[in-house]
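Spelled out, the chains give:
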Amino acid sequence: QVQLVESGGGWVQAGGSLRLSCVASGSIARINNMGWYRQAPGKQRDMVASISKAGYTVYADSVKGRFTISRDNALNTVYLQMNSLKPEDTAVYYCAARNLGVPEYDYWGQGTKVTVSS
């Protein structure tokens, strides 16, 4: 099993920045991709960004140029730097991980709430 613990959420005014962190522990040797998803009230959970162990990144169009995903494999940690935040970025942000060769994310954190006020 893999445990994911997020931190760094909070309240910020529009235009501000936050950095989310997610630490993985447990059976992490086979983890390849890690990512961030978010779910706003009344909406489905959507992918925000993902990063492979080799550093290949993918971003949702809505966050390109504003958010940056990175990871420190030695610390088993993935980060999401969020700049130029908008009220529509308000959501619960979830860290996710999946093993090499597995098509879907099968490990999830409990989420950290981000609120952006206008």
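Everything that follows concerns the structure shown earlier in this document.
Just so you know, these numbers come straight off a predicted model, no measurement behind them.

Draft legend 1. Representation of the packing of aromatic side chains. In total, this model carries three aromatic pairs according to the counting rule given. Measuring from ring centre to ring centre gives 5.6 Å for Tyr37 and Tyr105, while their planes differ by 75 degrees; the resulting arrangement is edge-to-face. On the criterion of sequence distance, the pair formed by Tyr37 in strand E4 (residues 31–39) and Tyr105 in the loop between strand E9 (91–99) and strand E10 (107–108) is long-range, its members being 68 residues apart. The residues Tyr37 and Tyr105 share a single accessibility class, namely buried.

Draft legend 2. Representation of the state of the cysteines within the structure. Evaluated as defined, the whole model comprises one disulfide. Cys22 shares a disulfide with Cys95; S-S distance 2.1 Å. Around the S-S axis, the bridge from Cys22 to Cys95 shows a dihedral of about -80 degrees and counts as left-handed. With Cys22 in strand E3 (residues 18–26) and Cys95 in strand E9, this pair connects stretches of sequence that are 73 residues apart. Each member of the pair Cys22 and Cys95 is classed as buried.

Draft legend 3. Main features of the pairing of strand E8 (residues 77–82). For E8, a buried count of five out of six residues is recorded, marking the element as mostly surrounded by other parts of the structure. Where E3 and E8 come together, six bridges link them in antiparallel fashion. Its bridge partner being in E8, Val23 is matched across the sheet by Thr77. Sheet topology places strand E7 (residues 67–72) next to E8; six bridges connect them, and they run antiparallel. Bridge pairing links Ser70 to Tyr79 in E8. Where E7 folds back on E8, the antiparallel hairpin that results is connected by four residues, among which Asn76 adopts a positive phi of roughly 55 degrees.

Analysis parameters
- Position labels on residues start from 1 in each chain and follow its written sequence.
- Per-residue local features are limited, in this predicted model, to residues with pLDDT of at least 70; the limit for side-chain atom pairs, both in listing and counting, is 80 or more; totals at the level of whole chains, interfaces and linings are taken over all residues.
- Side-chain numbers here rest on the full set of heavy atoms in the structure, without hydrogens or water.
- Two aromatic rings from Phe, Tyr or Trp, using only the six-membered ring of Trp, form a pair when their centres are within 6.5 Å; if the ring planes differ by under 30 degrees the pair is stacked, by over 60 it is edge-to-face, and anything between is tilted.
- For helices the rule is a DSSP run of H or I covering at least 4 residues; for strands it is a run of E covering at least 2, with both sets numbered from the N terminus onward.
- A simple rule labels every residue: compare its accessible area, found with a 1.4 Å probe on the protein chains alone, to the largest value its type can have, and call it buried under 20%, exposed over 50%, or partly exposed in between.
- Disulfides are defined as pairs of cysteine sulfur atoms found within 2.5 Å of each other.
- Here, any two strands with at least 2 DSSP bridges between them count as paired.

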